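The residues making up each chain are set out below.
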Amino acid sequence: MKLPVILVSVVGSALVLLSWSQTWFDLELTDAAAHGAGETIAVPGSIASPALAALALAGFALVAALAIAGPGIRLMLGILEVVLGGCILLAASMSLGNPVGAVSPAVTEATGVSGSVPTAELVAAADATAWPGAALVGGALVVLAGVAVLVTGMRWPASARRYRGARLADADDAADAAGADRAASDRAIDDWDDLSRGDDPTEQADETAGAGGDDPAPGEGTSSPNR
């Protein structure tokens, strides 16, 4: 369940962030002269529900933490994800439940009129698009993913370990091993030098072995003829 839950969390957060950047309401003003001849104003989610961007980014950060967290931390992250999804649902629902209040900053920007009551009097229509619903779907996915973490998180496989344990070795042993390796490499270089000069290093080794042998004792290895 680890990979599906993480994918659902990513999809939910991405859907919330995408909807935040799209048009949520088509606004029409009662005073057309304030903004042109009956022109419709597109109110994006960044104005209607600005908190969704931070909530979506928090969802991505939580997904990254879930990917590497241990069993105990997963339960805490699961609770946080449920709360995070609930905040997304609340923010989107508040905008849909009060569209006039959600488009108030856009009215102020278009007309220069501020205040909740004066701006509400200038709103002729505020038609919602499908993107607020997409934000609600994203929030619901985040909540479901958080519940899945609470139910299955303790049974998720552990994260792959990228580090190996270090082994302590005696410094003298390490130095002796390095010296032996160095001596072997020096001998190999000398053999190559001998071959380059036309000498056979194996013959020199045989001569050295023969010179180091014991000479036979007098009388050994010879026999006198019987007469």
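Definitions and cut-offs
- For every chain, the first residue of its written sequence is number 1, and the numbers climb from 1 along that sequence.
- Where local features are concerned, this predicted model is filtered to residues with pLDDT of at least 70; where side-chain atom pairs are given and counted, the filter is 80 or more; whole-chain, interface and lining totals use all residues.
- Working from all heavy atoms in the structure, the side-chain values ignore hydrogens and water.
- Segments assigned H or I by DSSP are reported as helices when at least four residues long, segments assigned E as strands when at least two residues long, and all are numbered from the N terminus.
- The length a helix should cover is 1.5 Å for every residue beyond the first.
- Each residue's exposure class comes from its accessible area (1.4 Å probe, protein chains only) as a fraction of the maximum for that residue type: buried when under 20%, exposed when over 50%, partly exposed otherwise.
- The contact criterion used throughout is that any non-hydrogen atoms of two residues lie within 4.5 Å.
- For two strands to be treated as a pair, DSSP must find no fewer than two bridges joining them.
- Angles here are taken between N-to-C directions and fall from 0 to 180 degrees, while the axes themselves are lines fitted to C-alpha atoms, restricted in helices to the stretch in contact.

A. How the structure looks around helix 3 (residues 51-68). The first and last C-alpha atoms of helix 3 sit 27 Å apart over 18 residues, in line with the 26 Å expected at 1.5 Å per residue. Taken residue by residue, helix 3 has Leu-52, Ala-53, Leu-55, Ala-56, Gly-59, Leu-62, Val-63 and Leu-66 as its buried positions. Tucked inside the fold, the buried residues of helix 3 contact helix 1 (2-20), strand 1 (23-29), helix 4 (71-97) and helix 8 (131-152).

B. Quick peek at the sheet that holds strand 3 (residues 123-128). An order of 2-1-3 is seen for the 3 strands of this open sheet, with the pairing classed as antiparallel. The outermost strands of the open sheet, each flanked by one partner alone, are strand 2 (41-44) and strand 3. Within this sheet the neighbouring strands show an average axis-to-axis angle of 25°, counted without direction. Direction of pairing for strand 1 relative to strand 3: antiparallel, over a ladder of 5 bridges. By the bridge assignment, Leu-29 is partnered in strand 3 with Val-123.

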